[in-house]
Amino acid sequence: MDVRLTDQQALLRQSVREFAEHEIRPHVRDWDARQHFPRELLPSLGALGLMGIQVAESRGGAGLSAVEYCLCIEELARVDPSVALMVAAHNGLGTAHLAMFGTDAQCGRWLADLAQGRRLAAWALTEAGSGSDAGAMRTTATRESDGGWRLDGAKQFITHGHSADVLVVVAVTDATKGTRGMSAFVIEQGTPGLQPGRKEDKLGMRASETSEVRFDGCRVPGSHLLGREGLGFVNALQVLDAGRIGIAALAVGLAQGAYEAARAYALSRTQFGRPIARFQAIRATLVDDAVRIQTARLLTWRAAALKDAGHRTSLESSMAKLHASEAAVQVAEHGVQIHGGYGFVKDYPAEKFFRDVKLTTIGEGTSEIQRLVIARQLLAS
Ligand SMILES: Cc1cc2nc3c(=O)[nH]c(=O)nc-3n(C[C@H](O)[C@H](O)[C@H](O)COP(=O)(O)OP(=O)(O)OC[C@H]3O[C@@H](n4cnc5c(N)ncnc54)[C@H](O)[C@@H]3O)c2cc1C
């Protein structure tokens, strides 16, 4: 794979970088401290094409490739991983599920608004009792006599659970059929019976909103069934194949931000009469981290390029997500170490990267689950 960027890709990266530097960086600490979800960014993210990055232009999106999607997420995460998570969850989960499996009528109704940042998406699979084992979900959708559906249950840890205008929700429609008895639905905020639950107070990614969502006799019309009945879980796994490339890109960008901060600090901090970047131990750490980031980026772009070429990427997405997130955890931890005591206080960005990074080994499938997915492919007999 050619890893050189085209002129347009270089321009895209530059414009997202400038946006992140000017519109996001000045607020990062404040949003984190207050756990403020910066919904006010939506119009400008939409204007830049960042709310419908891979949605076709004919459907109101930017029509960019998966590789270009990675560039965008990386640049946002380099400055604020929470904003990158907002963009990745909106694009890669809720909006992607609709774009991949929605009918023309459903896409016409919701997709352009989502892709242009007029509305925000959420995607609700996880429940309190079913995380890694998402197929054990309990939320039900029961068909009503008028052809509509009634949802009952609760989802846990939903990004934009309070603020989303449109939620894609997976629920059990036929308990006798296991994971082939689950279906996806589009639910609009404000639908009676849909109740945003408790907002989480988080270790990191604090400017990304995470909450419970409850369904108490929540009725949706039959036209809100997304994809074929019974294929909601199967489709969700396909969404995750692509979504995981986004989390890998987020991890790469986060690691890049943490590395750049550590490098700059090492060059400026003087101990024993010289910059600490002159000490071999610090140099080796920074060198190894630069290599880690580059290998993670290449794995991520490889998965994205295969997706762009029309391949199924379960294996490559999981490899990229596993490697990039684990590498990013190491890089962020080294960032704190290189800052010494200053890595432990909020005046420097190292501690925030260290808190934010842990989500990348958990969300959209933990590292252990990525290994299961990879093993299933490598060791299938
Ligand atoms: C900030 C945040 C945002 C999120 N956003 C969303 C969202 O928008 N939509 C959504 O649907 N979900 C979302 N999630 C949920 C996320 O996907 C789950 O937290 C994740 O899949 C893990 O599930 P769990 O938390 O229930 O952990 P568990 O599944 O209970 O896992 C606990 C531990 O056991 C390990 N484990 C479990 N099964 C196995 C196994 N078979 N072999 C080895 N180890 C195993 C896990 O790896 C982990 O270490 C979000 C979570 C967070 C924290």
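Please read all numbers here as calculations on a predicted model, not as lab measurements.

## A closer look at the packing of helix H5 (residues 81-101) against helix H7 (residues 232-268)
It is at 9 Å that the axes of H5 and H7 come closest, and there the two elements cross at 155°. Judged by the angle between their axes, H5 and H7 are roughly antiparallel. Handedness of the H5/H7 crossing: right-handed. On the side of H5, the interface is formed by Pro81, Ala84, Leu85, Gly92, Leu93, His97, Met100 and Phe101, while H7 contributes Gly232, Asn235, Ala236, Gln238, Val239, Leu240, Gly243, Ile247, Leu250 and Leu254. Here the contact of H5 with H7 is composed, by residue class, of twelve nonpolar, six polar and no charged.

## A look at the site of the ligand
Within the structure, the ligand sits among 17 residues, and Thr126, Ser132, Phe157, Thr366 and Glu368 are positioned closest to it. Measuring from a nitrogen atom of the ligand, one finds a backbone N or O atom of Phe157 at 2.9 Å. Note that an oxygen atom of the ligand is positioned 2.8 Å from one of the side-chain N or O atoms of Glu368. Computed on the free molecule, the ligand has an accessible area of 980 Å², of which 65% lies beneath the protein chains in the complex. Among the secondary structure elements, those contributing two or more residues to the shell around the ligand are strand S1 (121-124), strand S3 (149-159) and helix H11 (367-378). Counting residues per element, the shell around the ligand draws most heavily on S3, which supplies three residues. Partitioning the shell around the ligand into residue classes produces eight nonpolar, six polar and three charged. When residues of the shell around the ligand are assigned to domains, at least three map to each of domain 2 (121-232) and domain 3 (234-378).

## Thoughts on unusual backbone geometry
Within the chain, Gln35 stands out as a residue other than glycine whose phi angle is a positive 50°. Tracing the backbone through its elements, the reader meets Gln35 in the loop between helix H2 (28-34) and helix H3 (42-47). Of note, Glu364 is a non-glycine position whose phi angle comes to about 55°, a positive value. Summarising the element assignment, Glu364 is placed in the loop between helix H10 (350-356) and H11.

## Remarks on the domain arrangement of the chain
Taken domain by domain, the chain comprises domain 1 (7-115), domain 2 (121-232) and domain 3 (234-378). One C-alpha centre belongs to domain 1, the other to domain 3; they are set 20 Å apart. Taken together, the 23 residues of domain 1 in the interface contact 32 residues of domain 3. Summed over both partners, the interface of domain 1 with domain 3 buries about 2,300 Å², with 65% contributed by carbon and sulfur atoms. Our enumeration of links across domain 1 and domain 3 arrives at five salt bridges. Asp80 is the partner of Lys352 in a salt bridge, and the nearest nitrogen-oxygen pair spans 3.1 Å. Applying the counting rule to domain 1 against domain 3 returns nine residue pairs in polar contact (both at pLDDT 80 or more). When residues of the side of domain 1 that touches domain 3 are traced back to their parent elements, those giving at least two are H2, helix H4 (66-79) and H5.

## So, the packing of aromatic side chains
Going through the model one piece at a time under the given rule, you end up with five aromatic pairs. A centroid spacing of 6.4 Å and a plane angle of 40° characterise the contact between Tyr265 and Tyr342, whose relative ring orientation is tilted. With a gap of 77 residues between them, Tyr265 in helix H7 and Tyr342 in the loop between helix H9 (314-339) and H10 connect regions that are remote in the sequence. Between Tyr265 and Tyr348 the ring centres are 5.6 Å apart and the planes differ by 85°, which places this aromatic pair in the edge-to-face class. In this pair, Tyr265 sits in helix H7 while Tyr348 sits in the loop between H9 and H10, placing the two residues 83 residues apart along the sequence. For Tyr348, a relative accessible area of 30% puts it in the partly exposed group. Members of the aromatic cluster, each reached through a chain of ring pairs, are Tyr265, Tyr342 and Tyr348.

Rules of the game
- Residues numbered from 1 in each chain as written.
- Predicted model: local features only at pLDDT ≥ 70, side-chain atom pairs only at ≥ 80, totals over all residues.
- Heavy atoms only, no water.
- Axes fitted to C-alpha atoms, helices over the stretch in contact; angles between N-to-C directions.
- Helix = DSSP H or I, 4+ residues; strand = E, 2+ residues; numbered from the N terminus.
- Parallel < 35°, antiparallel > 145°, perpendicular 65-115°, else oblique.
- Left-handed = near helix turned anticlockwise from the far one by under 90°.
- Contact = heavy atoms within 4.5 Å.
- Nonpolar A, V, L, I, M, F, W, Y, C, P; charged D, E, K, R; others polar.
- Near = heavy atom within 4 Å.
- Polar contact = N/O pair within 3.5 Å; in protein donor to acceptor, adjacent residues only side chain to side chain.
- Areas by Shrake-Rupley, 256 points an atom, 1.4 Å probe, with all protein chains shown as cover.
- Domains from an automatic or database assignment.
- Buried area = accessible area lost by both parts, 1.4 Å probe.
- Salt bridge = Lys/Arg side-chain N within 4 Å of Asp/Glu carboxyl O.
- Phe/Tyr/Trp six-rings, centres within 6.5 Å; stacked < 30°, edge-to-face > 60°.
- Buried < 20%, exposed > 50% of the residue type's maximum accessible area, 1.4 Å probe, protein only.

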